[in-house]
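Results of the structural survey
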Amino acid sequence: MIIIKNSTIKDTNEIYELIKKNLIEINSIDYPQKVIEFMLGYYSKENIKKWISHRNYFLSAYDDSNNNVVGCISLEKDEILSLYVLPEYHGQNIGSLLLENLEEKCKLDCITPIMYASLTAVNFYKKHNYSVKEKDSHPDFGDAYLMTKKL
Ligand SMILES: CC(C)(COP(=O)(O)OP(=O)(O)OC[C@H]1O[C@@H](n2cnc3c(N)ncnc32)[C@H](O)[C@@H]1OP(=O)(O)O)[C@@H](O)C(=O)NCCC(=O)NCCS
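Residues numbered from 1 in each chain as written. Predicted model: local features only at pLDDT ≥ 70, side-chain atom pairs only at ≥ 80, totals over all residues.

Describing helix H1 (residues 12–25)
- An ideal rise of 1.5 Å per residue puts 20 Å on 14 residues; H1 measures up with 20 Å between its terminal C-alpha atoms.
- Residues of H1 that are buried include every one of Ile15, Leu18, Ile19, Asn22 and Leu23, and no others. Each buried residue of H1 sits inside an arc of 135 degrees when the element is viewed along its axis, so together they form one side.
- Residues of H1 that are buried sit in contact with helix H2 (33–42), helix H3 (45–54), strand S2 (57–63), strand S3 (68–76) and strand S4 (79–85). (Helix = DSSP H or I, 4+ residues; strand = E, 2+ residues; numbered from the N terminus. Expected span 1.5 Å × (residues − 1). Buried ≥ 20, exposed ≤ 12 C-beta atoms within 10 Å, placed from the backbone. Arc of directions from axis to C-beta. Contact = placed C-beta atoms within 7 Å.)

Some thoughts on the UniProt feature "domain: N-acetyltransferase" (unreviewed entry) in the chain
- The sites that carry the UniProt feature "domain: N-acetyltransferase" (unreviewed entry) are, in the present numbering, residues 2–151.
- Within residues 2–151, the helical portion is 37% and the strand portion 32%, while the C-alpha atoms at the span's ends are 24 Å from each other. (UniProt positions renumbered as here; feature names shortened; annotations may be inferred.)

Regarding the site of the ligand
- Every one of the 20 residues lining the ligand counts as a neighbour, but His90, Gly95, Ser96, Ala121 and Asn123 are closest to it.
- Where the shell around the ligand is concerned, the elements lending two or more residues are S4, helix H4 (94–108), strand S5 (114–118) and helix H5 (122–127).
- Counted by class, the shell around the ligand contains 8 nonpolar, 11 polar and 1 charged residues. (Near = placed C-beta within 6 Å. Nonpolar A, V, L, I, M, F, W, Y, C, P; charged D, E, K, R; others polar.)

Re the packing of H1 against H3
- Close contact between H1 and H3 brings their axes to 9 Å; oriented N to C, the two are set at 120 degrees. Accordingly, the angle class assigned to the pair H1 and H3 is oblique. Here H1 runs over H3; the crossing is right-handed. Contacts between H1 and H3 involve Thr12, Asn13, Ile15 and Tyr16 on the former and, on the latter, Lys45, Ile48, Lys49 and Ile52.
- Of the residues that constitute the contact of H1 with H3, the class distribution is 4 nonpolar, 2 polar and 2 charged. (Axes fitted to C-alpha atoms, helices over the stretch in contact; angles between N-to-C directions. Parallel < 35°, antiparallel > 145°, perpendicular 65-115°, else oblique. Left-handed = near helix turned anticlockwise from the far one by under 90°.)

Side note on the environment of His54
- Considering the arrangement of structural elements, one finds His54 in helix H3.
- C-beta crowding within 10 Å serves as the criterion here: with 10 such atoms nearby, His54 is assigned to the exposed category.
- In sequence terms His54 and Glu76 are 22 residues apart; their C-alpha atoms lie 8.6 Å from each other.

Focus: the pairing of S2
- Summarising the sheet, strand S1 (residues 2–6) and S2 pair through 5 bridges and their orientation is antiparallel. Bridging across to S2, Ile4 finds its partner in Ala61.
- Both S2 and S3 contribute to a ladder of 7 bridges, which runs antiparallel. Within S3, the position partnered with Tyr57 by the bridge is Leu75.
- Here S2 folds back onto S3 in antiparallel fashion, the turn holding 4 residues, of which Asn67 has a positive phi close to 65 degrees. (Pairing = 2+ DSSP bridges.)

Section: unusual backbone geometry
- Positive phi outside glycine occurs at Asn93, with the angle close to 75 degrees.
- Residue class for Asn93 comes out exposed when judged on the 12 C-beta atoms lying within 10 Å of it.
- A positive phi angle, close to 65 degrees, is found at Asn129, a residue other than glycine.
- The topology assignment puts Asn129 in the loop between H5 and strand S6 (131–138).

Here we look at the nonpolar core
- Ranked by internal contacts, the top residues of the largest apolar core, which has 33 residues, are Ile73, Leu83, Leu98, Leu102 and Ala117.
- At 5 residues, S3 tops the list of elements feeding residues into this core.
- Apart from the residues within four sequence positions on either side, Leu83 is in contact with Ile73, Gly95, Leu98, Leu99 and Ala121. (Core = buried A, V, L, I, M, F, W, Y, C linked by C-beta atoms within 7 Å.)

Okay, here's the thing in C-alpha cells:
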C-alpha cells in the first residue's frame, strides 16, 4: 500500500536518488543533456533538505511493504514543484495520489495552484484537468508549460 505523508529530513537521500533516476532515465528523453545536467545540480541534497524544511508542503509517497520513499511533490506559495515517482513505480497511480493529496491542501488554503509542467508530464497534468496558460522557455530549465486548474 502507498502512504502519503509530510516528508522528513530523513527522506532526503531517497528523494535525491529518485529524482536523479527520473532525470537520467525519463526526462532525458525530452530534454537536451545541458538541461539535465543543470537539473541534476539544482536537485542537490542540500537544496532538497532546505525545501523539505521551508516549502509550504513537501510530501513523500512511501511503499509500506518496505518503507521506501517512491515519490514526492511540493508546494511553494501557489506553485506545485518536484513531482517525481520512482521510474519502476510509474503507472501505479502514485503520481495521481500525490497530486490529489496536495490539491486537497490547496483547497483548504484557498490556493489555485500553478505549475511549470515538464514536456514529459504535460499530458499527465491534462488528465488531471490542468490547462495550459502559456509555453515557457527557460535558459537553464528548458521548455515547460505553465498550467493551472481551478479547484
Ligand atoms: C509524471 C509522473 C509523476 C506521473 O506519475 P505516475 O505515478 O506514473 O502516474 P499515474 O500512474 O498516477 O498516472 C495517471 C494517469 O496519467 C497517465 N500518465 C502518467 N504519466 C504520464 C505521462 N508522462 N504522459 C502521459 N500520461 C501519463 C497514466 O497513464 C494514467 O492514465 P490512466 O488513468 O488513463 O491510466 C511520473 O511519470 C514521473 O515521475 N515522471 C518523470 C518526472 C517528471 O517529469 N515530473 C514532472 C515534473 S513537472
